[in-house]
Structure formats: C-alpha cells, structure tokens
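Reading the structure
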Amino acid sequence: MTQLIIEALRNELPDLRLLTDEIDRESYRSDEASYLKSELPMAVVLPEATEQVAAIVRIAAEHRTPIVPRGAGTGLSGASGGMQAGITVAFTRMNRILEIDKANLIAVAQPGVINADLKAAVAKEGLFYPPDPAS
C-alpha cells in the first residue's frame, strides 16, 4: 500500500518535494512536545501551491491514508507528530503573504508563514499583529 501511494504522488505531482528515505523523514517525526511518542511518517511532502495540496489530499483519501499537517514543528501540543501509515504535509515552502488589506484589517497568508514575518509585513503598513499566546 505504501508504495502505491508514493507512486501515485510521484506520477501526479512530479515536481513535488517528496521525502521517503528514513533519514529524511526522521526530523518530521515529532514537534517540540516531549511527552508524546510519535512515529516515523510513511512519507513527507513539501508542497508549494494550493493545487498540490488538493492533489495530495485527494490521493490520500483515495488510499484511505491519514494526513498530518505540519508547520515549523515548534508546537508543544503534539499536533504535528508523525503517523507510521500517514503522510506528513510540511507547509514550510508555502510561506507567502498574499494580501494585506489595511482597510479591513485582514491578512491572507499561506499556512507556512512565520508569525514574526507576518508581524513585520503588517508593521510596514502601519498595523500591529499581536502575538498568538498559543504559538
């Protein structure tokens, strides 16, 4: 089953960064939650575009494979801990701020944007992005 999913990802998304070697997947096993025992993910993908994410989700659904979304891996909740039979989707390459709407106080960003980068970008517009107490 693992090989079928990896082949499907490679065939449909040839430009997708796909990590399958054990040593490459190891750093995606867990976040900063020391109390949680995480597993080595089956594969790690690093999409750069929404269309890639949609295709990854569709392939995973077709193969009934769980997905673990992951940001920078600095969380303390264990939410990005790997699953042996799962795909970890690391959003670090999706790090663009798409829009800062000053009039409506709205920012649109990809999921890999770092809080400090967003704070700096809105500051250039004369706005303030308060810290997230849970981050």
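Residues numbered from 1 in each chain as written. Predicted model: local features only at pLDDT ≥ 70, side-chain atom pairs only at ≥ 80, totals over all residues. Heavy atoms only, no water.

Examining the overall build of the protein chain
In terms of regular secondary structure, the protein chain is built from four helices and six strands. Mapped from its N terminus to its C terminus, the protein chain presents α and β elements in the order α-β-α-β-α-β-β-β-β-α. Split into buried and exposed, the 135 residues of the protein chain put 36% on the buried side. Considering only contacts within the protein chain whose residues lie at least 6 apart along the sequence, 55% involve residues at least 24 apart. Per element, the accessible surface of the protein chain, about 8,400 Å² overall, is 53% carbon and sulfur. Distance between charge centres in the protein chain, computed from 13 positive and 18 negative side chains, equals 2 Å. (Helix = DSSP H or I, 4+ residues; strand = E, 2+ residues; numbered from the N terminus. Buried < 20%, exposed > 50% of the residue type's maximum accessible area, 1.4 Å probe, protein only. Contact = heavy atoms within 4.5 Å. Areas by Shrake-Rupley, 256 points an atom, 1.4 Å probe, with all protein chains shown as cover. Lys, Arg positive; Asp, Glu negative; His and termini not counted. Charge placed at Lys NZ, Arg CZ, Asp CG, Glu CD.)

Regarding unusual backbone geometry
A positive phi angle is found at R64, which is not glycine, with a value near 50°. The topology assignment puts R64 in the loop between helix 3 (50-62) and strand 3 (67-70).

Some thoughts on the pattern of salt bridges
It is possible for side chains of opposite charge to pair when their charged atoms get near one another. Overall, the coordinates contain four salt bridges when judged by the stated rule. With its nearest N and O atoms 3.1 Å apart, the salt bridge here joins E48 to R93. Here the residue E48 occupies a position in the loop between strand 2 (43-46) and helix 3, and R93 occupies one in the loop between strand 4 (87-90) and strand 5 (97-101), the gap between them amounting to 45 residues. Take R93: its relative accessible area is 36%, and that puts it in the partly exposed class. In this structure, R58 engages E62 in a salt bridge whose closest nitrogen and oxygen atoms are separated by 3.0 Å. One end of the pair, R58, and the other, E62, are both in helix 3, four residues apart, so they sit about a helical turn from each other. For R58, a relative accessible area of 34% gives the class partly exposed. Salt bridges sharing partners connect three or more residues here, namely E12, R58 and E62. (Salt bridge = Lys/Arg side-chain N within 4 Å of Asp/Glu carboxyl O.)

A few points about the environment of P66
Locating P66 in the fold gives a position in the loop between helix 3 and strand 3. Under the relative-accessibility criterion, P66 is labelled partly exposed at 31%. Setting aside residues no more than four positions away along its own chain, P66 makes contact with M83, A85, G86 and I87.

Considering the sheet that holds strand 2
Pairing in this open sheet of four strands is mixed, and the strands run 1-2-4-3 from one edge to the other. Whereas interior strands pair on both sides, the edge strands pair on one side only; in this sheet they are strand 1 (17-19) and strand 3. With direction set aside, neighbouring strand axes in the sheet form an average angle of 20°. Note that strand 3 and strand 4 share four bridges and pair parallel. Across the sheet, the residue bridging to R70 is A90, located in strand 4. On the sheet, helix 1 (residues 2-12) packs against strand 1, strand 2 and strand 4 and is oriented at approximately 165° with respect to strand 1. Against the sheet, helix 3 touches strand 2, strand 3 and strand 4, its axis set at about 155° to strand 3. (Pairing = 2+ DSSP bridges. Axes fitted to C-alpha atoms, helices over the stretch in contact; angles between N-to-C directions.)

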